[in-house]
Amino acid sequence: MMHESPEKIQALKDRWLLDHAFGLMRPALIEALHALQDGDRNWFEYLRDVPYSSEIDDGRDLRGVDFSSIRGMGLRYMRDGFLDLRDADFFRTHLEYSNLYRVHLEYANLYSAHLDGAHLRNTHLRGAVIEYVSLQGAKLHVIDLRGFDLCSVKHLDSVDLSAVRLNDALVNRDQFRQPDGSYRTYNEVLAREEHARALKTGEPSRTVIRLFEQARDTYLTLKNNFTGSGKYADASWASVKEKEMEKLLLLHQIRQGSFKGWHAFHKRCEYFGYIFFNALFQYGENPWRLLWWAMAVILTCAVIYPITGISVPVSQGGNAAMAYSGAQNLSEIGHVLLNSLYLSVITFTTVGYGDVLPVGLLSHIAAASEALSGIFFFGIFVFTLGRRVSAR
């Protein structure tokens, strides 16, 4: 129900007050809260005559209630002075735009409750049933969801998770699918929006650094959760996203002059390192991409070698030079390229039989570069593949 206008949201909040000057609450709400605290499953019967309640078919309408400001009225409160709604039955209740700051909802039944746009800062939820809860646009600040199964919770893609304790909570990547089809947390959405604004205006922004830090930390938490629950594909996605946030964070720190002297040069090299390793193998999460790069290097060098020539053995003994310039037709060019491809493969794999050799400065440079690339690629591939296997 996040489509409501600001005026309607304010009206939903104001309907619970009989006297705004003195904060006098509507008696029907107090009766409903007493019934909730007493375990009465029909607590919503007291709300039949409250404005806008007819919009909710079953009458479970507590939209806009400021639970945190309710005091006295014979209600029960915890030692910290906030409302005691432990074990309350909010089954399928509409709590949109309500304020649940520090309210005690331990072991409450929130199954299929609507908490869209609700304020849940420091809300106590230990042991609560939260399956199929809707959280579109809810404010989850400093809230403890450790150990909860959040896989059925709706609209996590629109929630700021940077200040939420998610250790050992169960989530999955599909819950972060945005309307455009991409998989991103809301923290990343906010950070990229500010990133685009900062690039457009050319003005430095401290906000964008804070947002990218929050997005990075959120992905780090998700990565640890996915790994702990055995969802390695999701963990790989979160790891790539974490590195992307680090890269963009570093970009804005460089743009704002956060580093000086040699440190600034080092950070610029680090930034280009992020770009390079993302293109090479997605920060280590896609080692198979290295094989495509290896094929590209081999084929490129195979095309380069015949420019200055290669030396191949002949049946009469000795060697003969082969190059594009000496080929008379397509068949001979094909023969040259096949020998060049063979040279490229044995050079990249550092086998080096010595039967086919590069000729000329350009071919020698290409061969040396290819041999170094082969050593680098194989080392990176074995390291990355081993790290991924050991993580599982």
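Below or above, wherever it landed, is the structure these notes cover.

Rules and cut-offs
- Residues numbered from 1 in each chain as written.
- Predicted model: local features only at pLDDT ≥ 70, side-chain atom pairs only at ≥ 80, totals over all residues.
- Heavy atoms only, no water.
- Helix = DSSP H or I, 4+ residues; strand = E, 2+ residues; numbered from the N terminus.
- Rg over C-alpha atoms; globule rule 2.2 N^0.38 Å.
- Buried < 20%, exposed > 50% of the residue type's maximum accessible area, 1.4 Å probe, protein only.
- Contact = heavy atoms within 4.5 Å.
- Areas by Shrake-Rupley, 256 points an atom, 1.4 Å probe, with all protein chains shown as cover.
- Lys, Arg positive; Asp, Glu negative; His and termini not counted.
- Charge placed at Lys NZ, Arg CZ, Asp CG, Glu CD.
- Core = buried A, V, L, I, M, F, W, Y, C linked by side-chain atoms within 4.5 Å.
- Pairing = 2+ DSSP bridges.
- Axes fitted to C-alpha atoms, helices over the stretch in contact; angles between N-to-C directions.
- Phe/Tyr/Trp six-rings, centres within 6.5 Å; stacked < 30°, edge-to-face > 60°.
- Patch = residues over 30% accessible without salt bridge, like charges linked within 9 Å, V, L, I, M, F, W, Y side chains within 5 Å.
- Salt bridge = Lys/Arg side-chain N within 4 Å of Asp/Glu carboxyl O.

With that settled, the discussion passes to the overall build of the protein chain. Helix and strand counts for the protein chain stand at nine helices and seven strands. In summary, the protein chain has a C-alpha radius of gyration of 32 Å against a globular reference of 21 Å for 392 residues, an excess of more than 25%. Taking the principal axes of the C-alpha coordinates as reference, the protein chain spans close to 110 × 40 × 40 Å. Relative to its full complement of 392 residues, the protein chain shows a buried share of 45%. In the protein chain, 46% of the contacts between residues at least 6 apart in sequence involve partners at least 24 apart. Looking at the protein chain as shown, the accessible area adds up to about 19,900 Å², and 57% of this sits on carbon and sulfur atoms. On the protein chain, the mean spot of the 42 positive side-chain charges and the mean spot of the 44 negative ones are 5 Å from each other.

This brings us to the nonpolar core. If you look at the biggest cluster of nonpolar residues, it comprises 76 residues, and the most contacted ones within it are Leu62, Phe67, Leu110, Leu135 and Leu150. Among the elements that take part in this core, helix 5 (residues 232-255) stands out by supplying 10 residues, more than any other. Apart from the residues lying within four places of it in its own chain, the contact partners of Leu62 are Arg15, Trp16, Leu29, Leu36, Trp43, Leu47, Phe67, Phe90, Thr93, His94, Leu95 and Ser98.

Now for the sheet that holds strand 5 (residues 310-313). Two pairing modes exist for strands in a sheet, parallel and antiparallel, and in both the strands are linked by backbone hydrogen bonds. Spatial ordering of the open sheet is given by 6-5-7, a layout of three strands whose pairing is antiparallel. Either end of the sheet is taken by a strand with one partner, and the two such strands are strand 6 (319-322) and strand 7 (357-358). Across four bridges, strand 5 lies against strand 6 in antiparallel orientation. Bridge assignment links Ile310 to a residue of strand 6, and that residue is Met322. Against the sheet, helix 8 (residues 330-348) touches strand 5, strand 6 and strand 7, its axis set at about 95° to strand 5.

Within helix 2 (residues 27-37), eight of the 11 residues are buried, which leaves the element mostly enclosed by the surrounding structure. Residues Ala28, Leu29, Ile30, Ala32, Leu33, Ala35, Leu36 and Gln37 constitute the buried set of helix 2. Tucked inside the fold, the buried residues of helix 2 contact strand 2 (24-25). Gly39 lies just past helix 2 and shows a positive phi near 85°.

The tally for this structure, following the rule as stated, stands at 17 aromatic pairs. Arranged with centres 5.7 Å apart and planes meeting at 85°, the rings of Trp43 and Phe44 form a pair that is edge-to-face. Among the residues examined, Trp43 registers a relative accessible area of 0% and is labelled buried. With a centroid separation of 6.2 Å and 25° between ring planes, the pair formed by Phe176 and Trp237 is classed as stacked. Linking Phe176 in the loop between strand 4 (164-165) and helix 3 (186-201) with Trp237 in helix 5, this pair joins segments that are 61 residues apart in sequence. Taking relative accessible area as the criterion, Phe176 reaches 0% and is therefore assigned buried. An aromatic cluster of at least three residues, connected via ring pairs, comprises Phe176, Tyr219, Phe226 and Trp237.

Let us now look at a nonpolar patch on the surface. On the surface, Leu18, Leu24 and Met73 cluster together into a nonpolar patch covering about 260 Å² of accessible area. Residue classification places Leu18 among the partly exposed residues on the basis of a relative accessible area of 46%.

Within this structure, the stated rule accounts for 22 salt bridges. For the salt bridge of Glu45 with Arg48, the shortest nitrogen-to-oxygen distance reads 3.2 Å. Judged by relative accessible area, Arg48 falls into the partly exposed class, the value being 44%. Overlapping salt bridges, with partners in common, bring together Glu4, Lys8, Arg15, Glu55, Asp61 and Arg63 in one network.

The next subject is the pairing of strand 5. Where strand 5 lies against strand 7, two bridges are found, and the strand directions are antiparallel. Opposite Ser311, over in strand 7, you have Leu357 as the bridge partner.

Our focus in this paragraph is the environment of Gly74. Mapped onto the secondary structure, Gly74 falls in the loop between helix 2 and strand 3 (143-144). The class for Gly74 is exposed, based on a relative accessible area of 65%. Sequence-wise, Gly74 and Ile30 are 44 residues apart; in three dimensions their C-alpha atoms are separated by 8.8 Å.

Read these as geometric descriptors, not functional statements.
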